[in-house]
Amino acid sequence: MRTLDIKDGTIASILVADELASNQDGSLDVVVRLQDGRRFGFTLFTLEHLRRQLDRALSFVSPGMIIVKYFSDDAILEAVRAAMSHDLERLGVLQPPINQ
(Lines give C-alpha, C1' and ligand atoms only; values in the text may rest on other atoms or scores of the structure.)
Protein backbone atom coordinates (compact mmCIF):
# COMPACT_ATOMS: atom_id res chain seq x y z
CA MET A 1 0.00 0.00 0.00
CA ARG A 2 1.02 3.55 -0.58
CA THR A 3 -0.45 6.97 -0.01
CA LEU A 4 -0.76 9.91 -2.35
CA ASP A 5 -0.72 13.00 -0.11
CA ILE A 6 -2.25 15.69 -2.24
CA LYS A 7 -3.87 18.17 0.18
CA ASP A 8 -6.19 19.29 -2.62
CA GLY A 9 -9.25 21.17 -1.38
CA THR A 10 -11.36 18.72 0.60
CA ILE A 11 -9.11 15.72 -0.22
CA ALA A 12 -6.47 14.92 2.42
CA SER A 13 -4.94 11.82 0.83
CA ILE A 14 -5.53 8.82 -1.40
CA LEU A 15 -4.56 5.33 -0.24
CA VAL A 16 -3.69 3.02 -3.15
CA ALA A 17 -4.17 -0.64 -2.22
CA ASP A 18 -1.57 -2.13 -4.60
CA GLU A 19 1.60 -0.95 -6.23
CA LEU A 20 0.89 0.18 -9.79
CA ALA A 21 3.54 -2.09 -11.30
CA SER A 22 2.17 -5.22 -9.62
CA ASN A 23 -1.45 -4.70 -10.67
CA GLN A 24 -2.06 -6.86 -13.72
CA ASP A 25 -5.77 -7.70 -13.54
CA GLY A 26 -7.05 -4.26 -14.50
CA SER A 27 -8.60 -3.24 -11.19
CA LEU A 28 -7.20 -1.14 -8.39
CA ASP A 29 -8.75 -0.31 -5.00
CA VAL A 30 -8.30 3.17 -3.56
CA VAL A 31 -9.55 4.93 -0.44
CA VAL A 32 -10.03 8.70 -0.49
CA ARG A 33 -9.62 10.42 2.88
CA LEU A 34 -11.28 13.81 3.12
CA GLN A 35 -10.09 16.72 5.25
CA ASP A 36 -13.10 16.15 7.56
CA GLY A 37 -11.84 12.60 8.32
CA ARG A 38 -14.39 10.61 6.30
CA ARG A 39 -13.03 7.92 3.99
CA PHE A 40 -14.62 6.54 0.81
CA GLY A 41 -13.52 3.42 -1.08
CA PHE A 42 -13.54 3.04 -4.87
CA THR A 43 -12.40 0.52 -7.39
CA LEU A 44 -10.72 1.79 -10.54
CA PHE A 45 -11.10 -0.40 -13.62
CA THR A 46 -9.51 -0.38 -17.05
CA LEU A 47 -11.57 -1.04 -20.17
CA GLU A 48 -9.59 -4.24 -20.70
CA HIS A 49 -10.77 -5.52 -17.31
CA LEU A 50 -14.40 -4.76 -18.18
CA ARG A 51 -14.03 -6.52 -21.54
CA ARG A 52 -12.67 -9.63 -19.82
CA GLN A 53 -15.54 -9.60 -17.32
CA LEU A 54 -18.13 -9.24 -20.09
CA ASP A 55 -16.52 -12.07 -22.06
CA ARG A 56 -17.58 -14.33 -19.16
CA ALA A 57 -21.00 -12.83 -18.38
CA LEU A 58 -23.78 -10.70 -19.82
CA SER A 59 -23.39 -7.97 -17.19
CA PHE A 60 -20.94 -6.48 -14.70
CA VAL A 61 -21.90 -4.51 -11.58
CA SER A 62 -19.59 -2.91 -9.04
CA PRO A 63 -20.35 -0.17 -6.50
CA GLY A 64 -18.06 2.82 -6.63
CA MET A 65 -16.72 1.84 -10.06
CA ILE A 66 -14.57 4.36 -11.91
CA ILE A 67 -13.04 3.66 -15.32
CA VAL A 68 -9.53 4.84 -16.18
CA LYS A 69 -7.54 4.52 -19.38
CA TYR A 70 -4.54 3.07 -17.47
CA PHE A 71 -3.08 3.13 -13.96
CA SER A 72 -0.79 6.03 -13.11
CA ASP A 73 -0.69 8.58 -10.31
CA ASP A 74 -2.04 11.21 -12.71
CA ALA A 75 -4.94 8.96 -13.80
CA ILE A 76 -5.78 8.18 -10.15
CA LEU A 77 -5.76 11.87 -9.21
CA GLU A 78 -7.90 12.81 -12.21
CA ALA A 79 -10.39 10.03 -11.45
CA VAL A 80 -10.70 11.07 -7.80
CA ARG A 81 -11.16 14.73 -8.73
CA ALA A 82 -13.86 13.71 -11.23
CA ALA A 83 -15.58 11.63 -8.53
CA MET A 84 -15.49 14.66 -6.22
CA SER A 85 -17.26 16.76 -8.83
CA HIS A 86 -19.94 14.05 -9.24
CA ASP A 87 -20.80 13.76 -5.52
CA LEU A 88 -18.21 11.52 -3.89
CA GLU A 89 -20.64 10.53 -1.12
CA ARG A 90 -22.93 8.78 -3.62
CA LEU A 91 -20.20 7.16 -5.70
CA GLY A 92 -17.89 5.81 -3.02
CA VAL A 93 -18.38 3.29 -0.25
CA LEU A 94 -18.14 4.99 3.15
CA GLN A 95 -15.44 3.33 5.27
CA PRO A 96 -15.72 2.94 9.06
CA PRO A 97 -13.83 5.51 11.13
CA ILE A 98 -10.34 4.68 12.30
CA ASN A 99 -10.03 4.63 16.08
CA GLN A 100 -6.83 6.35 17.13
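Up top is the structure.
For the structure given in this document, a descriptive report is provided here.

Parameters and conventions
- Along each chain, the written sequence defines residue order, and numbers are assigned to residues from 1.
- With the structure being a predicted model, the display of local features is reserved for residues of pLDDT at least 70 and the display and counting of side-chain atom pairs for 80 or more, all residues being used for whole-chain, interface and lining totals.
- Side-chain figures throughout are based on the complete set of non-hydrogen atoms in the structure, without hydrogens or water.
- Segments assigned H or I by DSSP are reported as helices when at least four residues long, segments assigned E as strands when at least two residues long, and all are numbered from the N terminus.
- By the convention used here, residues are in contact when the closest approach between their heavy atoms is within 4.5 Å.
- What goes into a patch is any residue over 30% in relative accessible area without a salt bridge, connected to like charges within 9 Å or, for nonpolar side chains (Val, Leu, Ile, Met, Phe, Trp, Tyr), within 5 Å.
- Areas reported as accessible are Shrake-Rupley estimates using a 1.4 Å probe. Residue values count occlusion only from the protein chains shown.
- Definition used for salt bridges: Asp or Glu carboxyl oxygen within 4 Å of a side-chain nitrogen of Lys or Arg.
- Each residue is placed in one exposure class: buried if its accessible area under a 1.4 Å probe, protein chains only, is under 20% of its type's maximum, exposed if it is over 50%, and partly exposed if it falls in between.

## Quick word on the overall build of the protein chain
For the protein chain, the helix and strand inventory stands at three helices and six strands. Mapped in sequence order, the helices and strands of the protein chain form the string β-β-β-β-α-β-α-α-β. Within the protein chain, residue pairs in contact and separated by at least 24 positions form 41% of the contacts whose partners lie at least 6 positions apart.

## Some remarks on a nonpolar patch on the surface
Among the surface-exposed residues, L47, M65 and I67 lie close enough to one another that they form a single nonpolar patch of about 250 Å² accessible area. Inspection of the secondary structure assignment puts I67 in strand β5 (residues 65-68). The exposure class of I67 is partly exposed, given its relative accessible area of 45%.

## What about the pattern of salt bridges?
Per the counting criterion, the structure on display carries three salt bridges. Two residues, R51 and E48, come together in a salt bridge whose shortest N-O distance is 3.9 Å. Placement of the pair is R51 and E48 together in helix α1 (residues 47-56), with a separation of three residues, close to one helical turn.

Keep in mind that these numbers describe shape and distance, not what the molecule does.
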